[in-house]
Each structure stands twice: as C-alpha cells, then as structure tokens.
Amino acid sequence: MIHLKVTNLQKRFGGNHVLKGVNFEINGPELIGLIGPNGAGKTTMTNILDGAIKPTSGTVYLGEKRIDQLQPFEVARAGLGRTFQVTRSFRRMTVLENLYVPALAMGNTHGQAELRDKAMGVLEFLTIDHLRNEYAQALSGGQQKLLELGRLLMLNPDVIILDEPFAGVHPRLMEVIYAYIQRVNDEGKAIIIISHQMDSIFSLSQRLLVLNFGDLIADGPPEDVKNDPAVIEAYLGAEEGEEAPA
Ligand SMILES: Nc1ncnc2c1ncn2[C@@H]1O[C@H](COP(=O)(O)OP(=O)(O)OP(=O)(O)O)[C@@H](O)[C@H]1O
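Described below are features of the structure shown in this document. For clarity, every value in this text was computed on a predicted model and none was experimentally measured.

For any two helices packed against each other, one specifies the crossing angle of their axes together with the interaxial distance. It is at 10 Å that the axes of helix H5 (residues 141–155) and helix H6 (residues 171–186) come closest, and there the two elements cross at 15°. Taken together, the axes of H5 and H6 are roughly parallel relative to one another. Crossing geometry of H5 relative to H6 is assigned as left-handed. When H5 is examined against H6, the residues Gly-142, Leu-146 and Leu-149 are found in contact with a partner set consisting of Leu-173, Val-176, Ile-177 and Tyr-180. Looking at the contact of H5 with H6, its residues break down into 6 nonpolar, 1 polar and no charged.

It is the contact of helix H3 (residues 95–105) with helix H4 (residues 112–125), at a shortest axis distance of 10 Å, that shows an interaxial angle of 120°. Considering the angle they form, H3 stands oblique to H4. In this structure, the crossing between H3 and H4 has a hand that is right-handed. Listed contacts from H4 to Val-95, Leu-96, Leu-99, Tyr-100 and Ala-103 of H3 are Leu-115, Ala-119, Val-122 and Leu-123. Split into classes, the residues belonging to the contact of H3 with H4 amount to 9 nonpolar, no polar and no charged.

The subject of this paragraph is the pairing of strand E7 (residues 159–163). Across the 5 residues of E7, 5 count as buried, placing the element largely inside the fold. Every second residue of E7 is oriented toward a common face, with Val-159, Ile-161 and Asp-163 on one face and Ile-160 and Leu-162 on the other, all of them buried. Judged from the 3 bridges that link them, strand E6 (residues 80–82) and E7 form a sheet pairing that is parallel. Its bridge partner lying in E7, Leu-80 is registered against Val-159. Where E7 and strand E8 (residues 190–194) come together, 5 bridges link them in parallel fashion.

Criteria and cut-off values
- Residues numbered from 1 in each chain as written.
- Predicted model: local features only at pLDDT ≥ 70, side-chain atom pairs only at ≥ 80, totals over all residues.
- Axes fitted to C-alpha atoms, helices over the stretch in contact; angles between N-to-C directions.
- Helix = DSSP H or I, 4+ residues; strand = E, 2+ residues; numbered from the N terminus.
- Parallel < 35°, antiparallel > 145°, perpendicular 65-115°, else oblique.
- Left-handed = near helix turned anticlockwise from the far one by under 90°.
- Contact = placed C-beta atoms within 7 Å.
- Nonpolar A, V, L, I, M, F, W, Y, C, P; charged D, E, K, R; others polar.
- Buried ≥ 20, exposed ≤ 12 C-beta atoms within 10 Å, placed from the backbone.
- Pairing = 2+ DSSP bridges.

Written as structure tokens, this is what we have:
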C-alpha cells in the first residue's frame, strides 16, 4: 500500500520563506492535482520530494523510509519518480537507449532481451516506437515529453510527479498523456500532476492540493476546492494572466 507522508515541510532561500510548513498524506493510488499561482512553491516542494534539494525542516516518508535526506537516485530507488517542467533527456543517445539508462542505473536484474521488450512495449504505448533509433535531440518537444514519461515507466515507481505534462503539447499527444496517466493510476500508482491547465487538472484529479505563498490552503475533492473562498481569493489576487479555477 502506497503511503507518502509530508510533515511540516519548510524551505527558506535566504530571507525568502518559500514553504511554510506543508502537511499532507497520500494513501493508495490517488490521482492528485497540485495547483497554485506562480511562485507558490510547487516546484520547490517537488524538488524536495525527489531529493534534488533538502528542506530547511520537516520530513518526508515513503512507506517506512525517510526520503527527505536522500539523493535523487536513492529516492528513485525508494519508489518516487518525477518529470521536469523543462524536459530532460540524453540528447545524444537514441530513444531506445534513453529508456535503458534508468533501468541500468537502478541495477537492472533482467536480461538484455527482456529489457528491450519492456522498452519497446513502453514506446509502442506512447506511440513513438517508430522513433526508437532516432537521437533524442531530433524529437519534437511533445515527443521528448513522452520519452521522459517512458523513462518513468521503465522504473515503475509507486509515486509519480508530473510537472506541467500538458504544456506546449499537441492535442494528439495530449490524448496519449491522458491515457498514460490513466494507465499508471489503474496499475495502482499514485500520481501528482502539477499544471496551470485547469481544464485538464479538474477533469483528471480526484483530489486537489492548493499551494499559495508556501501554505497549503486547500486539500480536497475538486468540486469543494473550486468553491473554497481562500482558493478563489488566491487566484483573484494572482498576477494578471494567471488562470483561475473555472
Ligand atoms: N534556488 C532558489 N533560490 C532562491 N529562491 C528560489 C529558488 N528556487 C525557487 N525560489 C523561489 O521560491 C519561490 C517559489 O518558487 P517555485 O518555483 O517553487 O514556485 P512554483 O509554484 O513552482 O511556480 P511556477 O508555477 O511559476 O512554476 C519563488 O519566489 C522563487 O523565486
């Protein structure tokens, strides 16, 4: 049973108090949207959860294991994986090689043929199997996003954080990403989706977390959160151009 527990998470960058004591738990294969105006602290929290930066105080447990002091590869091994707002890939490796890297780095215990079969299955699901021998740098932005999602599937983490998975993605690829989210959720994984695209977030999420200036101001079903006065105020007070919950 998946259990992620975030307790009193705080982060300061000098005088900037970016996370002010965030608490939440994930129990089981929940599909969660994490929203909040620009600068609310969403990426900072994700960077702490995946081990890229350390919190000023507070703890994160994945099951029985404390993960907030671990390095990213150790967090990945513990079962939490993420994608990035700006896609990262090994640009001078082929698409197929890009999928092998995380599995090999994590100490792949399967044979080469099995690894290839798994990678090909992932690429077919993501509709980019015809690109398997292309260098990653030749892919479009949307295809690179799919490749990054594919690397996560190879690792099969229990908790997945997707940072802006829909940004700048062609509508056809959007459908693939929706199917991906549904698939990993059906397989019993928990997913946190960070997005400014409210339509997608509201249609996909079973639960919404709202961060505002480092405070978690709402945590509940989307319908309740949408009508929460604190959330409405946070978005009304946000910068012009910021999309508010519809
Ligand atoms: N490495 C850093 N050093 C100093 N300040 C930082 C650093 N990283 C983030 N911040 C500050 O932390 C605050 C929260 O930023 P963060 O990127 O976590 O917000 P966000 O909710 O992800 O925003 P967006 O929706 O625009 O991506 C901002 O004020 C930002 O300037």
